[in-house]
Amino acid sequence: MTLDTVAAAQASPDTAQPFAELGLKADEYQRIREILGRRPTSSELAMYSVMWSEHCSYKSSKVHLRQFGEKAPPSDALLVGIGENAGVVDIGEGWAVTFKVESHNHPSYVEPYQGAATGVGGIVRDIISMGARPLAVMDPLRFGAPDHPDTKRVLPGVVAGIGGYGNCLGLPNIGGEVVFDDCYQGNPLVNALCVGAMKHEDIHLASAKGVGNKVILYGARTGGDGIGGVSVLASETFDETGPAKRPSVQVGDPFMEKLLIECTLEVLGAGLVEGIQDLGGAGISCATSELASNGDGGMHVWLDRVPLRDATLSPEEILMSESQERMCAVVTPAHVDDFLRICRKWDVEAVVIGEVTDTGSLTIDWHGEQIVAVPPRTVAHEGPVYERPSARPAGLDDLQANDASRLPRPATPDDLARTVRDVVAAPNVADKAWITDQYDRYVRGNTVLAQPEDSGMIRVDERTGRGVAIATDCNSRFARLDPYAGAQLAFAEAYRNVATTGAVPLAVTNCLNFGSPEDPEVMWQFAEAVRGLADACQQAGTPVTGGNVSFYNSTGDVAIHPTPVVGVLGVIEDVAARTPQAWHTDGEAIYLLGDTHDELSGSEWAHVIHGHLGGRPPRVDLHRERVLAEVLVAGSRDGMLSAAHDVSDGGVAVALVEMALRADVGARLWVPDGLDPFVFLFSESAGRAVVVVPRSEEQRFTAMCAARALPAQRIGVVDSGLGDDAGRPSQQVLVLALPGGEQITWPLADLREAHGRTLPGLFG
Amino acid sequence: MTKIGVITFPGSLDDGDVQRAVRVAGAEPVPLWHAATTIGEVDAVVVPGGFSYGDYLRCGAIARFAPIMADVVHHAGDGLPVLGICNGFQILCETHLLPGVLTRNESLHYVCRDQALTVERTDTAWTNEYETGDRIVIPVKHGEGRYVADDATLDWLEGEGLVVVRYADGNPNGSFRDIAGISNEAGNVVGLMPHPEHAVEDLTGTPGTDGLRFFTSALQSLVG
Amino acid sequence: MARVVVDVMLKPEILDPQGRAVQGALTRLGLAGVSDVRQGKRFEITLDGDLDADRETVLNRLAEELLANPVIEDFTVRVAEQA
Amino acid sequence: MARVVVDVMLKPEILDPQGRAVQGALTRLGLAGVSDVRQGKRFEITLDGDLDADRETVLNRLAEELLANPVIEDFTVRVAEQA
Ligand SMILES: Nc1ncnc2c1ncn2[C@@H]1O[C@H](COP(=O)(O)OP(=O)(O)O)[C@@H](O)[C@H]1O
Ligand SMILES: [Mg+2]
């Protein structure tokens, strides 16, 4: 097979090249020719095509994402901002944490187990490459209809893959989301988040500095994974008998990744590394061009030194392979031997594949012949940028006009009682233990809170108890009704969840899952969501530190609901002060914090009971969210709260049931004055939480709320002895007194059955 | 101070947690590397949980041949207290220090949950601080924890009183006779699927500290 | 009674971490010259009565859809005994 | 070059939950009369050079000690090709 070298490219300017098959537009191809002053070699074409793809270049989203930087609130906490593999946040006492969420949606639809598994693997390597030890993972997931046969294929596979990889890697899974909606039927969303910690002085960046320094590729061998499209370079154009189309699915090896973590932390700890980069999308193309572009600007690579799993791979394929569990490090010549020795200790294959130069050029040789000579910035950072047309969706006015006020509401106490059971049993609200019990939440011994708590909480410093809490959220029905408000509500919910457990919200990551950016209506949704999130972060004082964009999520021509998943990270000085979800102690008072309005459009109730989506989502008040968070954090720190739970999907009804079920303790409840019982139970007004206050703290706590003008309504008392009053001896019950003097009694056993049996009933 | 060795294989995960539990119990943890040929100067050894060598062939099948295991087997014969937890239990079965084998959970799913156990044998090096019949709650987290042995072996285990802990309130994996952990006849070698090291602090892991006495028992047996 | 064996192996170009682990162990334990190991699944299926053409069609379809994942695996179906 | 196939199956008396699950699925998906399914492992081992008597001994030992667990599994070793 003939090798397409730089010399050959110069000599044959008119050779036709399959740029369109590789996803490049004619003008993009033309620009590459202008940059190089000649046609690209097939290897260069491979690199540009993959690095200029939407996924790697952010060409449609860049102009919008800028707002995250421009509107970023001043924050001392931000040590490394947007643009690196992951942002880094100061959490005090010399500790820094890094966290990020990424999507692996399409691979997980094709091969659920491996797609989800490699999604976890990829995000974990992002965290390692900052110099951090990974501490925990989370998995925000979205699937189609729960009873659809394809969901029965996809969901168990995705869950097994996330568990299979994360469990074997030894990272606790401390939270996530599981949402069902028809809009995800042909395009489930598998997002994965990882958080890691390090001391400030251990932060590492992806840059290749120091002329003469060596570039070491280490980890798994390179195979033909994830390069489906590139094979055209080898087969159609340059050699008809070339390799068959390679599979686009990658298989993960969590054991190798575990070795890679330990090995990487050991070489970093020994001070052997100048720059480091993980290999993810676009593999060696991405790692070498980014390292060079961020560093002294030049690099030379001997591509034939890359250890291969499959000797028939062409250089184009090697450049683009997305084989998992590989890393790249820049090491001074004096440290190479020590670096390789540590790799050997961990049974990790490592090879010097290149060298930092000052040529300003990334040059790559294949058996002595030059196949790439490009300015690395043009590959990594100066890709095309599009200002795509956007248009408010045509049907949006009608959708917003069709609000939930016209839906019939439960009228009698019996109807209300049944509706609570039905909502609690709805797949989106139901107990997720069938899924989360497949995840190790204890490994590493620092898990303070994990699912189903409002946020996952990890102790970072064993000596002082300093820790972090993380929550991810997004109600995409709200985002569909109003993407600006929907993104803000997603942020507000995650922010509130973190504060609910007692941590101070500090920083934000996001994974923006949308339809096709070439559809103006999707682009409008995207722009609105980004603007909403950036504004919210500015007002709440929490900067965005990083994230990920996933476009082209649709079933046929129908885009998914806009799904801007937001992750908020908070810090807690001593995890011993954390506020759990369960109430335990008889006589403690139950308060509802915040204002409850008649806000049922887009609610879980409208979705479950009426299959309805329309109207406007609940109002957002970020000032109120801040005050609420302050109260929740102060209440936790000063021992005024024994339990807390944020109010979101399914409203107060769901919050109360979950709190009661957690430790199987009942309560006596009443509807606050002036509120309609149905609205009290099912409204999804934002800015609210249910808290439990010990008797001795009630005065102090209510005074604190009053001083901050935060409404606090006493709505009940924890009571484990109600069963007898209700004629159900020895049973735990929730009893709700209605304004008319009637009351509703729910045995917790019934609620548990309703809440618990849904997922096992569906999946197994 | 009593020294308890904790082996790290490639793919061990709970080694750090066992070291913490050993410290909380008041002993000194000594990290041991799988490639070492001797365990050195330690008073007891824990083979921790995880996925040694990825557990790719069969749980524990490859770790069994690690150089250090020969020395562990040798000293176990001389009465060295050896505790295998989860993957460690699987490894001890593969080395034949303990009979039987751990197979895929009956549900075919990995399971992580807080699990009630009954302590049945309390004259071992690792359970002498419990009372017979104690009910404790510590977590299980495994995909292959279903204890399997032939009837003769099971009868023998029961007859000799070698079942150390049994699942209570539901069997998480389909283990024969609800067996969660067993010992050798001498009581110095114990293996169990649940993780006592994840129940030694109130704040983290399973609520409570029901697992701590596995580690304090070892101290007791070494002093006593 | 028919006995059918379905062998399912990862495609040659797909990473097989299990096979690699076994290869490493075999070599360490003294088997020289092991150049590759692939680990797959073997299903032994016992059927009542003969495997007629209809059932064979169903079986082949299910081998492809259920027992193997054609995205990453190859499979073979083989009638071991027919009685 | 020699290719050796080692098949490892659970002993007949050991319950095979995976096999049972597959049996249920095959039946649900329309294969009539499935009376039993067992799921085991298949190893394809490629060796450089011929499989001489010495290496065959080692291989048989490792099949028994490493690839199978004789407490619950049976195995067969079979040379597929020798070239
Ligand atoms: N939605 C977003 N919000 C903020 N930052 C983003 C977003 N999407 C991507 N980024 C940032 O852009 C950079 C490049 O992203 P990405 O290509 O996903 O990183 P990587 O190369 O590590 O996979 C990262 O720093 C990432 O945090
Ligand atoms: Mg990265």
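Below, the structure is looked at part by part. (Residues numbered from 1 in each chain as written. Chains lettered and ligands numbered in written order. Predicted model: local features only at pLDDT ≥ 70, side-chain atom pairs only at ≥ 80, totals over all residues. Heavy atoms only, no water.)

Scanning all chains against the criterion turns up 65 salt bridges over all chains. With a shortest N-O distance of 3.4 Å, R637 of chain A and D638 of chain A are connected by a salt bridge. For R637 of chain A, a relative accessible area of 54% gives the class exposed. Taken together, the shared-partner salt bridges connect R3, D7, R42, E44 and R78 of chain C together with R3, D7, R42, E44 and R78 of chain D into one network. (Salt bridge = Lys/Arg side-chain N within 4 Å of Asp/Glu carboxyl O. Buried < 20%, exposed > 50% of the residue type's maximum accessible area, 1.4 Å probe, protein only.)

Superposition of chain C onto chain D requires a rotation of 180° combined with a translation of 0.0 Å along the rotation axis, giving an RMSD of 0.1 Å. Such a combination of rotation and displacement between the chain copies is what one expects of a two-fold axis. Taking C-alpha positions as reference, the residue of chain C nearest the rotation axis is K41 of chain C, located at 2.3 Å. (Least-squares fit on C-alpha atoms with pLDDT ≥ 70 in both.)

Right, let's talk about the environment of Y167 of chain B for a bit. Residues and elements named next belong to chain B. One can find Y167 in strand 9 (residues 163-167). Overall, the relative accessible area of 5% leaves Y167 in the buried class. As a C-alpha pair, Y167 and V119 span 48 residues in sequence and 9.1 Å in three-dimensional space. At 3.2 Å, the side chain of Y167 and the side chain of N173 are in polar contact. (Helix = DSSP H or I, 4+ residues; strand = E, 2+ residues; numbered from the N terminus. Polar contact = N/O pair within 3.5 Å; in protein donor to acceptor, adjacent residues only side chain to side chain.)

It is worth spelling out the sheet that holds strand 5 (residues 173-180) of chain A at this point. All names here are of chain A. Strand order in the open sheet formed by six strands is 1-2-3-6-4-5, and the pairing between neighbours is mixed. Among the strands making up the open sheet, the edge pair consists of strand 1 (78-80) and strand 5. Shown here is a sheet whose adjacent strand axes are inclined to one another by a mean of 25°, direction ignored. Sheet topology note: the strand 1/strand 2 (residues 87-92) ladder contains two bridges and is antiparallel. When the bridges of strand 2 are listed, L78 appears paired with V89. (Pairing = 2+ DSSP bridges. Axes fitted to C-alpha atoms, helices over the stretch in contact; angles between N-to-C directions.)

The top pair by number of contacts, from a total of five pairs of chains in contact, is chains C and D. Taking C-alpha atoms only, the smallest gap left between chain A and chain D, which are not in contact, amounts to 11 Å. (Contact = heavy atoms within 4.5 Å.)

This part is about the side chain of T378 of chain A. Residues and elements named next belong to chain A. Looking at the secondary structure, you find T378 in helix 14 (residues 376-380). A relative accessible area of 9% places T378 in the buried class. Once residues within four sequence positions are removed from consideration, T378 is found in contact with I35, Y48, W52 and G383.

Residues and elements named next belong to chain A. Going through the model one piece at a time under the given rule, you end up with nine cavities of 30 Å³ or more. For the largest cavity, the calculated volume is near 90 Å³. Ranked by the residues each element gives to the lining of the largest cavity, the list is headed by helix 19 (residues 483-500), at three residues. Residue composition of the lining of the largest cavity, by class: four nonpolar, three polar and four charged. The volume enclosed by the second largest cavity comes to roughly 60 Å³. The set of elements that each furnish at least two residues to the lining of the second largest cavity consists of helix 23 (651-663), helix 24 (677-682) and strand 27 (733-737). (1 Å grid on protein atoms, 1.4 Å probe; cavity = no way out; pocket = protein on both sides within 12 Å on 5 of 7 lines; lining within 4 Å. Points joined across faces, edges and corners; volume = space filled by probe spheres on them. Nonpolar A, V, L, I, M, F, W, Y, C, P; charged D, E, K, R; others polar.)

This paragraph deals with the packing of aromatic side chains. Applying the stated criterion across every chain yields a total of 17 aromatic pairs over all chains. With 6.2 Å between their ring centres and 15° between their planes, F180 of chain A and F763 of chain A make a pair best called stacked. Taken as a pair, F180 of chain A in strand 5 and F763 of chain A in helix 27 (residues 748-763) lie far apart in primary sequence, 583 residues in all. Each member of the pair F180 of chain A and F763 of chain A is classed as buried. Centroid distance F255 of chain A to Y53 of chain B: 6.4 Å. Interplanar angle 45°. Geometry classified as tilted. With F255 of chain A in helix 10 (residues 254-269) and Y53 of chain B in the loop between strand 3 (44-47) and helix 2 (67-77), this residue pair bridges two chains. Relative accessible area serves as the criterion here: at 12%, F255 of chain A is assigned to the buried category. For Y53 of chain B, a relative accessible area of 9% corresponds to the buried category. (Phe/Tyr/Trp six-rings, centres within 6.5 Å; stacked < 30°, edge-to-face > 60°.)

What follows concerns the site of ligand 1. Residue and element names in this part refer to chain A. Taken together, 17 residues lie near ligand 1, and Y58, E84, D126, N510 and G547 sit nearest. Between ligand 1 and E102 there is a distance of 3.0 Å, counted from an oxygen atom to a side-chain nitrogen or oxygen. Take D126: an N or O atom from its side chain is 2.9 Å from an oxygen atom of ligand 1. Protein chains shield 85% of the accessible area of ligand 1, which is 540 Å² for the free molecule. At the level of secondary structure, the elements contributing two or more residues to the shell around ligand 1 comprise helix 5 (62-70), strand 3 (95-103), strand 17 (504-513) and strand 18 (544-550). Tallying contributions element by element places strand 18 first for the shell around ligand 1, with five residues. For the shell around ligand 1, the residue count by class is seven nonpolar, six polar and four charged. (Near = heavy atom within 4 Å. Areas by Shrake-Rupley, 256 points an atom, 1.4 Å probe, with all protein chains shown as cover.)

All names here are of chain A. At a minimum axis separation of 9 Å, helix 10 and helix 13 (residues 336-345) run at an interaxial angle of 150°. Looking at the two axes, helix 10 sits roughly antiparallel to helix 13. Of the two elements, helix 10 crosses helix 13, and the hand of that crossing is right-handed. Facing C263, E266 and V267 of helix 10, the residues of helix 13 in contact are F339, I342, C343 and K345. (Parallel < 35°, antiparallel > 145°, perpendicular 65-115°, else oblique. Left-handed = near helix turned anticlockwise from the far one by under 90°.)

This next bit is on the packing of helix 3 (residues 42-51) of chain A against helix 11 (residues 283-294) of chain A. Residues and elements named next belong to chain A. In contact at an axis separation of 9 Å, helix 3 and helix 11 are set at 85° when each is read in the N-to-C sense. One element, helix 3, and the other, helix 11, form an angle in the roughly perpendicular class. Contacts between helix 3 and helix 11 involve M47, V50 and M51 from the former and S285, C286, T288, S289 and E290 from the latter. Residue classes in the contact of helix 3 with helix 11 are distributed as four nonpolar, three polar and one charged.

This part is about the interface of chain C and chain D. Much of the literature gives interface size as the accessible area that the parts lose upon coming together. The interface of chain C with chain D comprises 32 residues on the first partner and 32 residues on the second. For the pair chain C and chain D, the summed buried surface comes to about 2800 Å²; carbon and sulfur atoms form 64% of the total. Taken as a group, L31, R42 and E44 of chain C account for 19% of the area that chain C buries against chain D, more than any other trio of residues on that side. Where chain C packs against chain D, one counts two salt bridges. When the shortest N-O distance is used, the salt bridge between R42 of chain C and D7 of chain D registers 2.9 Å. Where the side of chain C that touches chain D is concerned, the elements lending two or more residues are strand 1 (2-10), helix 1 (17-28), strand 2 (34-47) and helix 2 (53-67) of chain C. Residue composition of the side of chain C that touches chain D, by class: 17 nonpolar, six polar and nine charged. Bridge count for strand 2 of chain C against strand 2 (residues 34-47) of chain D is 13 bridges, and the pairing is antiparallel. Among the inter-strand pairings, R42 of chain C is bridged to a residue of strand 2 of chain D, identified as G40 of chain D. (Buried area = accessible area lost by both parts, 1.4 Å probe.)

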